[in-house]
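Summary of the model geometry
Below are the chains, spelled out letter by letter.
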Amino acid sequence: MKRTILAFAAVTALAVSGCAANANSGGSGAAEAGDTLVAAYSEGGKTLDPAEANDVTSDTFVVAAYDQLVTYGRTTDGGQPKAKTDEIVPMLAKSWKASADNTSYTFTLRDDAKFQDGAAVTADAVVKSFEHIKASSSASFLYKMAGIAKVTKAGEHTVKIDLTAPNHLFLQILPMYSFSIIDMDKVTQNGGAKWLANNTAGSGPYQITKWDPSTEASMARNESYWGEKPKLRQVDVKFIAEASNRVQLLRKGEVGLALEVPPKDVQSLKGSDGVVIDSRAGNKILFFAMNNKIKPFDDPRVRQAVAYAIPYDKLLNDVMKGQASPMKSAVASSTPGFSDAGYTYGHDLDKARALLAEAGLSKGFSFDFTLGSGFDDWNDDAVLIQAELAKIGVRMNIKKMARPQFLEALDTRKVQAYITRWTSFVNDPGYHLGLLLTTQGSSNYANFSDPVVDKSWQQAATEPDVAKRNKLYGTAQQEINTKAPWAYLYEYNIVVAHRAGLDGYTSYPDGIVRFFQLSVTK
Amino acid sequence: MNLVLRRVFAMVPALIGVVVCIFVLTRVLPGDPARTLAGDQADPSVVAKIRTEMGLDKPLHVQLVQYFSDLLHGNLGYAWHTGHSVASDFASRLPATVELALVALVIALLAGVPLGVVSATRRDRPVDHAGRVFSLLGASMPLFWLGLMVIVVFYNKLGWAPAPLGRVSEGVHPPTHITGLYILDSLMTGDLVALRSSLSHIIWPALCLATGSTAIIARMTRSAMLEVIGQDYVRTAVSKGLKPSVVTLKHALRNAAPVIVTISGLQFGQLMGGAVITETVFTWPGIGSYVVQSVLATDYAPVQAFTLVAAVVYLAANLLVDLVNARLDPRIADA
């Protein structure tokens, strides 16, 4: 009986195999080495729509498939290429001119740029792309922040953008992936903006040929790219949630580049043959925020005392294993316009005690600290800070929360103290301080409100002269450093681990790898 | 046939109950999906816009009615965190999970049943003690740790296992899509390249996943066998002078079979759940890692759909168990 079934199964299998196509019977699918790269990312991304993308993986694909009007300059720092975000250089726009009062910009587009299916990049496409951005969920607020009033066609290859007021952030925001120029006619033909979530219609250096957020994505060089031809013919991106797997695959050479390598693995990878660790300061910061409207943190002396009690060296060395650097202003040190004026804090428990006594809290106090889940370093930081605060009589009650709850709790602006990280994608103090530390700031969950900061920030927003503007931002930073709404913990390094022989990696503050800049030499 | 139909109809209230429960549970949990989706830098206006788009601004009962009407139209909803419909996400991932769980179940049965039988017939001998130690270890081993150890040892150090990356090796095409189960598909298309590659990929996560179930099936088989061995008819068989192997396999094992079938059905459900961890560790592109991401992103629709699928799988496994048992023991069918 059993034998009959087996025989039957075998015959069926053979019979079916005779007629069905066999996926591996054709030529081999092996790729030649040298012009391909396999990269390991932790997650697969959410959307390919430039105006809705807001995670590293999605942004990476958008940057590969789309061009913007202008882009950030590049420079070298100690022999390594890095972005120069305060220098704006041509991309789809070959030149631009601001009106005398800085409220209107006229962009002249290059006339040789083509979308990936052959259509020319025209003023119409730019106008429609800006309409798409304005109507989007994610990027519409950047549109507002850039102060754009009206986008009009002034010729086949000329676009005029009017602003509501002079705004130096405008040119800073324009190179962001959110402001990609899209072939909107193609989008309309395919049924509208929803189509963009899974498809691309750009003029960028790569085409996304495959994207499955659960496993992998592939991009192929756009052979008819108008700009400099990318050196890598193909890039495969594997999505590997487990950090230790990314590290092992890199070590074995199965992937050529890995992102989000935990600090402890950076140390072990450093000794590996053929692995290069590129660990450089970014503008992602971590801070300990105290709610300025809730006692006892409404007294600046109490906040300063906490800032003196933080064991900074332990956080940098024990938690981050050297993959972070000291933070000395609310603005990251790599941001143009950074100033550490007024920053006097270091680990000094005597000073902390004295400040507490001055504030009438010589016996200490106790407070609630909300810890959001999802990041190992936060947890370790909180425990170390708790132990240190206990030495000056301050009891920190750690309340843990899942990340979605944590974000919701912050929104109420009633959380007494918390730590959180922040990356300003627009690398400018105006963007950074405006969202985080002005009275009206939409992410000012610590309720910091200071007239000096508000006033300097407002003046700086419309100040066209860089030196004068930075002076105003300097004043704001000094005030913040002194009043200490946050204790600054550290600035994260952007860590990219890759195989030796990979050249051209340029560090951008947004942490996004531009694959078209890379080449493999061996 | 009647029995099958009756049982299938009896599942409907259970399924409706599951759907309502999970719907209410996901909604009363703290955490705003729109907030999570928008990211921590988003303006409140952005969050409000997304909330409206997701339909979260409507009252709970309206959302529930909408959800049921969508379900009846075969629409499982939209997975916001991936930007795809849940149905298409499931279609691409569910076969991987089912294949992994099935292979693990086969391994667990092939290892667990003989181990249990041997332990029972050699009671209190060294084999039985070894089996007990294995069961204890297997049932209490943290799955993620086991998975990571397997990768470190067999992939990294020894180089026996392929890279923990998906279901086939780099450069090998997945077999032509028929069922989505790679082993079956490559057998049906005679694709030996894909067969070899998918076997070498599935064996390691399946072994890890099977460890716990092997232990449990072995223990349950052992106790079921011991109970049967003590019965009069087994003693009669032995006294008639039948060979011990015939007594064990024909008389004892056949009568212990209903218990083994029942536990296997339950274990299949367990394996689908255990796949959540195994898949994350081995980068297996199945439903498990997807649901973990959905939960972290408070993405309701995939979580609800997964619960629904899990309930269906459990009920179907139960039904199958009952039908098989009815075949094995006619008394059950009448009960």
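The shown structure was predicted, so the numbers you read here are calculated from the model rather than taken from an experiment.

**Thoughts on the overall build of chain B**
A count of helices and strands for chain B gives 14 helices and two strands. C-alpha atoms of chain B, sized along the principal axes, occupy 85 × 55 × 40 Å. Burial statistics for chain B: of 335 residues in total, 47% are counted as buried. In chain B, the share of contacts with a sequence separation of at least 24, taken over all contacts with a separation of at least 6, comes to 72%.

**With respect to a nonpolar patch on the surface**
Residue and element names in this part refer to chain B. On the surface, Leu-5, Phe-9, Val-12 and Ile-16 cluster together into a nonpolar patch covering about 400 Å² of accessible area. By secondary structure assignment, the location of Phe-9 is in helix α1 (residues 2-28). Judged by relative accessible area, which is 63%, Phe-9 ranks as exposed.

**Some points on the UniProt feature "domain: ABC transmembrane type-1" (unreviewed entry) in chain B**
Using the residue numbers shown here, the UniProt feature "domain: ABC transmembrane type-1" (unreviewed entry) corresponds to residues 94-321 of chain B. As annotated, residues 94-321 of chain B comprises 80% helix and 0% strand, and the C-alpha atoms at either end are separated by 22 Å.

**Considerations on the packing of aromatic side chains**
In total, this model carries 27 aromatic pairs over all chains according to the counting rule given. Ring centres of Phe-365 of chain A and Phe-367 of chain A lie 5.9 Å apart, and the angle between their planes is 40 degrees; on these two criteria the pair is classed as tilted. There is no split in this pair, since Phe-365 of chain A and Phe-367 of chain A are both buried. In this arrangement the basic side chain of Arg-27 of chain B is found over the ring face of Phe-23 of chain B, its NZ or CZ atom lying 4.0 Å from the centre.

**Structural notes on the UniProt feature "transmembrane region" (unreviewed entry) in chain B**
All names here are of chain B. Residues given the UniProt feature "transmembrane region" (unreviewed entry) here are residues 7-29, 100-121, 133-155 and 202-221. As annotated, residues 7-29 comprises 96% helix and 0% strand, and the C-alpha atoms at either end are separated by 33 Å. Helix makes up 100% of residues 202-221 and strand 0%. Its end C-alpha atoms lie 26 Å apart.

**Here's the deal with unusual backbone geometry**
Cis rather than trans, the peptide bond between Lys-295 of chain A and Pro-296 of chain A has omega equal to -5 degrees. Mapped onto the elements of the fold, Pro-296 of chain A is located in the loop between β12 (275-290) and α9 (300-309).

**Thoughts on helix α7 (residues 143-157) of chain B**
If you check α7 of chain B, its first and last C-alpha atoms are 20 Å apart, about what 15 residues at 1.5 Å a residue would give, namely 21 Å. Elements that come into contact with the buried residues of α7 of chain B comprise α7 (243-251) of chain A together with α9 (192-229) and α11 (244-282) of chain B. At the C-terminal side of α7 of chain B, Gly-159 of chain B shows a positive phi close to 75 degrees.

**What to know about the domain arrangement of chain B**
Residue and element names in this part refer to chain B. Domains assigned within chain B are domain 1 (3-86) and domain 2 (89-332). Between domain 1 and domain 2, the contact holds 30 residues from the first and 25 residues from the second. When domain 1 packs against domain 2, close to 2300 Å² is buried across both sides, 68% of that on carbon and sulfur atoms. By the criterion of area lost to domain 2, the three top residues of domain 1 are Arg-7, His-81 and Val-86, representing 25% of everything that side buries. Across the contact surface, domain 1 and domain 2 share zero salt bridges. Linking domain 1 with domain 2 are six residue pairs in polar contact (both at pLDDT 80 or more), by the criterion used here. Secondary structure elements with two or more residues in the side of domain 1 that touches domain 2: α1, α2 (33-38), α4 (60-72), β1 (78-79) and β2 (84-85).

**A short note on the packing of α11 of chain B against helix α12 (residues 287-296) of chain B**
Residue and element names in this part refer to chain B. Packing of α11 against α12 brings their axes to within 7 Å, and their N-to-C directions diverge by 95 degrees. The orientation of α11 with respect to α12, classified from their angle, is roughly perpendicular. Of the residues in α12, those touching α11 at Val-276, Glu-279 and Thr-280 are Ile-287, Gly-288, Ser-289 and Val-292. Of the residues in the contact of α11 with α12, the class split is three nonpolar, three polar and one charged.

**So, empty space enclosed by the protein**
Following the criterion strictly, the structure yields three cavities of 30 Å³ or more and no others. In this structure, the largest cavity encloses a volume near 100 Å³. If you go around the largest cavity, you meet 14 residues; those closest to its centre are Pro-162, Pro-164, His-201, Pro-205 and Phe-282 of chain B. Within the lining of the largest cavity, the residues separate by chemical class into 12 nonpolar, two polar and no charged. Of the volumes computed, that of the second largest cavity is approximately 60 Å³. Among the secondary structure elements, those contributing two or more residues to the lining of the second largest cavity are α13 (403-411) and β16 (417-423) of chain A. With four residues, β16 of chain A is the single largest residue contributor to the lining of the second largest cavity. For the lining of the second largest cavity, a count of residues per class yields seven nonpolar, two polar and two charged.

**Things to note about the interface of chain A and chain B**
One frequently used descriptor of interface size is the decrease in accessible area upon assembly of the parts. Between chain A and chain B, the contact holds 54 residues from the first and 51 residues from the second. Summed over both partners, the interface of chain A with chain B buries about 4300 Å², with 50% contributed by carbon and sulfur atoms. The salt bridge partner of Asp-411 of chain A is Arg-35 of chain B, with a shortest N-O separation of 2.8 Å. On inspection of chain A and its partner chain B, the count reaches nine residue pairs in polar contact (both at pLDDT 80 or more). Among the secondary structure elements, those contributing two or more residues to the side of chain A that touches chain B are α1 (2-19), α3 (123-135), α4 (140-145), β10 (234-239), α7, α13 and β16 of chain A. The biggest single contributor to the side of chain A that touches chain B is α13 of chain A, with six residues. Class assignment for the residues of the side of chain A that touches chain B results in 19 nonpolar, 21 polar and 14 charged.

**Section: the domain arrangement of chain A**
Residues and elements named next belong to chain A. On domain assignment, one finds that chain A holds domain 1 (36-243 + 500-520) and domain 2 (283-493). Relative placement of domain 1 and domain 2: their C-alpha centres are 32 Å apart. Taken residue by residue, the interface counts 17 residues in domain 1 and 16 residues in domain 2. Together, the buried faces of domain 1 and domain 2 total about 1300 Å²; carbon and sulfur atoms form 64% of this surface. When residues of domain 1 are sorted by the area they lose upon contact with domain 2, His-168, Leu-169 and Pro-509 head the list and together hold 36% of the total. Joining domain 1 to domain 2, the criterion identifies zero salt bridges. For the interface between domain 1 and domain 2, the tally reads three residue pairs in polar contact (both at pLDDT 80 or more). If you list the elements that add at least two residues to the side of domain 1 that touches domain 2, you get β3 (80-90), α4 and α5 (169-173).

About the thresholds
- Residues numbered from 1 in each chain as written.
- Chains lettered and ligands numbered in written order.
- Predicted model: local features only at pLDDT ≥ 70, side-chain atom pairs only at ≥ 80, totals over all residues.
- Heavy atoms only, no water.
- Helix = DSSP H or I, 4+ residues; strand = E, 2+ residues; numbered from the N terminus.
- Buried < 20%, exposed > 50% of the residue type's maximum accessible area, 1.4 Å probe, protein only.
- Contact = heavy atoms within 4.5 Å.
- Patch = residues over 30% accessible without salt bridge, like charges linked within 9 Å, V, L, I, M, F, W, Y side chains within 5 Å.
- Areas by Shrake-Rupley, 256 points an atom, 1.4 Å probe, with all protein chains shown as cover.
- Salt bridge = Lys/Arg side-chain N within 4 Å of Asp/Glu carboxyl O.
- UniProt positions renumbered as here; feature names shortened; annotations may be inferred.
- Phe/Tyr/Trp six-rings, centres within 6.5 Å; stacked < 30°, edge-to-face > 60°.
- Lys NZ or Arg CZ within 6 Å of the ring centre and 35° of its normal.
- Expected span 1.5 Å × (residues − 1).
- Domains from an automatic or database assignment.
- Buried area = accessible area lost by both parts, 1.4 Å probe.
- Polar contact = N/O pair within 3.5 Å; in protein donor to acceptor, adjacent residues only side chain to side chain.
- Axes fitted to C-alpha atoms, helices over the stretch in contact; angles between N-to-C directions.
- Parallel < 35°, antiparallel > 145°, perpendicular 65-115°, else oblique.
- Nonpolar A, V, L, I, M, F, W, Y, C, P; charged D, E, K, R; others polar.
- 1 Å grid on protein atoms, 1.4 Å probe; cavity = no way out; pocket = protein on both sides within 12 Å on 5 of 7 lines; lining within 4 Å.
- Points joined across faces, edges and corners; volume = space filled by probe spheres on them.

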